[in-house]
Amino acid sequence: MHPMQGQYHKFHSQQLGEDFELKTYGHAGRPMIVFPSGNGRFFDFENFGMVHAIAPFLAQGLIRVICIDGRDQQTWSNKAIHPHHRAKRYDAYDAAIVHEILPWIRSQAGPRPQRDLIVAGCSMGAYHAANFLFRHPDFADTGLFLSGIYSLSHYIGDYSDDAVYYHEPLRYLAGITEGDHMDLLRQCDIVLCCGSGAHEEDCLTDTKELSGLLWSRNIPHWLDIWGHDVNHDWVWWAKQLPYFLSHTKL
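The model shown is predicted, which means the values in this text are computed figures rather than measured ones. (Residues numbered from 1 in each chain as written. Predicted model: local features only at pLDDT ≥ 70, side-chain atom pairs only at ≥ 80, totals over all residues. Heavy atoms only, no water.)

A. Just the side chain of Asp72, in detail. Inspection of the secondary structure puts Asp72 in the loop between β4 (63–68) and α4 (83–109). Arg71 provides the closest opposite charge to the buried, unpaired Asp72, separated from it by 9.3 Å. Side chain to side chain, Asp72 and His128 meet in a polar contact 2.8 Å long. With near-sequence residues (within four places) excluded, Asp72 lies in contact with Ser37, Gly38, Asn39, Gly40, Ser77, Asn78, Met124 and His128. (Helix = DSSP H or I, 4+ residues; strand = E, 2+ residues; numbered from the N terminus. Buried < 20%, exposed > 50% of the residue type's maximum accessible area, 1.4 Å probe, protein only. Lys, Arg positive; Asp, Glu negative; His and termini not counted. Salt bridge = Lys/Arg side-chain N within 4 Å of Asp/Glu carboxyl O. Polar contact = N/O pair within 3.5 Å; in protein donor to acceptor, adjacent residues only side chain to side chain. Contact = heavy atoms within 4.5 Å.)

B. How the structure looks around the sheet that holds strand β6 (residues 142–146). On the basis of which strands lie adjacent, the open sheet formed by eight strands has the order β1-β2-β4-β3-β5-β6-β7-β8 and mixed pairing. The open sheet has two edge strands, β1 (7–13) and β8 (222–225), and neither has a second partner. Strand-to-strand, the axes of this sheet are offset by a mean angle of 20°, without reference to chain direction. Where β1 and strand β2 (residues 18–25) come together, seven bridges link them in antiparallel fashion. Considered in β2, the bridge of His9 is made with Leu22. Together, β3 (30–35), β5 (118–122), β6 and β7 (189–194) form the strand contacts of helix α5 (residues 124–135), whose direction differs from that of β5 by roughly 155°. Across the face of the sheet, helix α11 (residues 234–245) comes into contact with β3, β4, β5, β6, β7 and β8 while running at roughly 155° to β6. (Pairing = 2+ DSSP bridges. Axes fitted to C-alpha atoms, helices over the stretch in contact; angles between N-to-C directions.)

C. Quick look at the nonpolar core. Grouped together as the largest cluster of nonpolar side chains are 53 residues, with contacts concentrated most on Ile68, Val119, Phe132, Phe134 and Phe145. Looking at this core element by element, the count peaks at ten residues for α4. Excluding anything up to four places from it in sequence, Phe145 contacts Val119, Gly121, Ala126, Ala129, Ala130, Leu133, Phe134, Tyr150, Ile190, Val191, Leu192 and Cys193. Grouped together as the second largest cluster of nonpolar side chains are 27 residues, Met50, Val65, Cys122 and Leu245 included. (Core = buried A, V, L, I, M, F, W, Y, C linked by side-chain atoms within 4.5 Å.)

D. Here's a closer look at α5. Here α5 spans 17 Å end to end across twelve residues, near enough to the 16 Å set by a 1.5 Å rise per residue. Buried residues dominate α5, accounting for eleven of its twelve residues. When we look at burial in α5, the residues that qualify are Met124, Gly125, Ala126, Tyr127, His128, Ala129, Ala130, Asn131, Phe132, Leu133 and Phe134. (Expected span 1.5 Å × (residues − 1).)

E. Focus on the packing of aromatic side chains. Counted under the stated rule, the structure contains 17 aromatic pairs. Relative to Tyr93, the ring of Phe20 lies with its centre 6.3 Å away and its plane at 20°, an arrangement referred to as stacked. Of the two residues, Phe20 sits in strand β2 while Tyr93 sits in helix α4, which places them 73 residues apart along the sequence. Summarising the burial analysis for this pair, Phe20 and Tyr93 share the class buried. Above the face of the Trp236 ring, Lys239 is positioned so that its terminal group lies 5.7 Å from the ring centre. (Phe/Tyr/Trp six-rings, centres within 6.5 Å; stacked < 30°, edge-to-face > 60°. Lys NZ or Arg CZ within 6 Å of the ring centre and 35° of its normal.)

Right, here's the structure in full:
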């Protein structure tokens, strides 16, 4: 099968209690989980031209892309339920990735080091990818975060509790104690990118705040702010992702 055509998969998630859908691209290389943007689906990455944008990496067998489904409408975007219950549902989503999706990816990709995983996303997808990496640096060592928001205040206001706290990078990163977790984070390759154009205002603020927080914890990363012509749009993410992949260890 042509690597850009992709393969559709669906399985029943015990963690979520419902079916989970994803699509994979590529025949070899480092696995890269792509999270969908806000309220998006696993097929958006292809439909908005991102698979085409990284086609050379797929054709050369440098990366194997796994576009997973999101659960925003059951979690942070679900205004019908209390923020605490949104966070608990997100716990189930996180557990599905760790306990069901990752083992499946490893079964497909063959023997690889446990941390040999890239996580990536655009907009809200960057939040999902960053939250996963920061919570689980034992399962991923590279993060490509484009135009992300990293504060849940955009969705739930000022509310916080323990369940919410541990899904909000701009809160919990400051509180991680020194030890193995921090050591692993400092070994990660992290890219924070944002444009300065239309509809990037909140993302730019959060991106710069996250960068400052990472530096305060001595976590190396690459902060790359693009120009005022760079809008919050797939057209730009399709330029950014292959650029940063070209600077990533593959």
